[in-house]
Amino acid sequence: MFHASLRAVRPVALRATRPAQSSAVRRLSTTPAVRSDHHAPAIFGPGGKPGEIATDEQQATGLERFQLLAEMQGVDAFDKAPLDSSRVGTLEDPIKVFSLDTERLVGCTGSPADSHDIHWFQLRKDKNRRCPECGSTYALDYQGHPHEDVHHH
């Protein structure tokens, strides 16, 4: 949704920064035509009415709006539950970490929980990682788009 909103704003921003030119050459536009049933992305709120103070629902944008809309529907937008610490992950049976991205930051506190100081490490889709303190193994349970990692920076 964010990229769609950037694509909508890009032509206007480019026109504003370009100096005025008088030319008999017609420019070719590769921007897709906007259909009449096109609606603004849900990532932007409607904004407040003149003379009123806007509510969070009206003025929130981006991730804040995503989280607010999810909470209104009774859904937890971001998984903040702790990982399984009832066991130590092994190479044959690692602790799975859900992710919609090809990498995620993971913190291990040992098994049982809080048995050592927290160790942070980057977990990637293609490689399991082990905690240097307790040896617990973690694997990324990637649930994102199959070709997302091709364009990942």
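Located above this text is the structure these notes cover.
Read on for a plain summary of the structure.

Cut-offs applied
Residues numbered from 1 in each chain as written. Predicted model: local features only at pLDDT ≥ 70, side-chain atom pairs only at ≥ 80, totals over all residues. Heavy atoms only, no water. Helix = DSSP H or I, 4+ residues; strand = E, 2+ residues; numbered from the N terminus. Buried < 20%, exposed > 50% of the residue type's maximum accessible area, 1.4 Å probe, protein only. Contact = heavy atoms within 4.5 Å. Areas by Shrake-Rupley, 256 points an atom, 1.4 Å probe, with all protein chains shown as cover. Salt bridge = Lys/Arg side-chain N within 4 Å of Asp/Glu carboxyl O. Pairing = 2+ DSSP bridges.

Quick look at the overall build of the chain now. When its secondary structure is counted, the chain shows 3 helices and 5 strands. Along the chain, helices (α) and strands (β) appear in the sequence α-α-α-β-β-β-β-β when read from the amino end. A total of 153 residues make up the chain; the buried ones form 16% of that total. Of all intrachain contacts in the chain linking residues separated by at least 6 positions in sequence, the fraction that spans at least 24 positions is 39%. Looking at the chain as shown, the accessible area adds up to about 12,300 Å², and 54% of this sits on carbon and sulfur atoms.

Our focus in this paragraph is the pattern of salt bridges. Tallying each qualifying case throughout the model produces 2 salt bridges. Residues D93 and R87 are paired through a salt bridge, measuring 3.6 Å at the closest nitrogen-oxygen approach. Taking relative accessible area as the criterion, D93 reaches 43% and is therefore assigned partly exposed. When the shortest N-O distance is used, the salt bridge between E103 and R124 registers 3.3 Å. Of this pair, E103 sits in strand β2 (residues 103-108) while R124 sits in strand β3 (residues 119-124), and the two are 21 residues apart along the sequence. A relative accessible area of 26% places E103 in the partly exposed class. Take R124: its relative accessible area is 40%, and that puts it in the partly exposed class.

A few words now on the sheet that holds strand β1 (residues 95-99). The pairing of strands in a sheet comes from backbone hydrogen bonds and takes either a parallel or an antiparallel form. Taken together, 3 strands build an open sheet; the order of strands is β1-β5-β4 and the sheet is mixed. Strands with a single pairing partner mark the edges of an open sheet, and in this sheet they are β1 and β4 (129-130). With 2 bridges joining them, β4 and strand β5 (residues 137-142) adopt antiparallel strand pairing. Paired with R130 across the strands is T137, a residue of β5.

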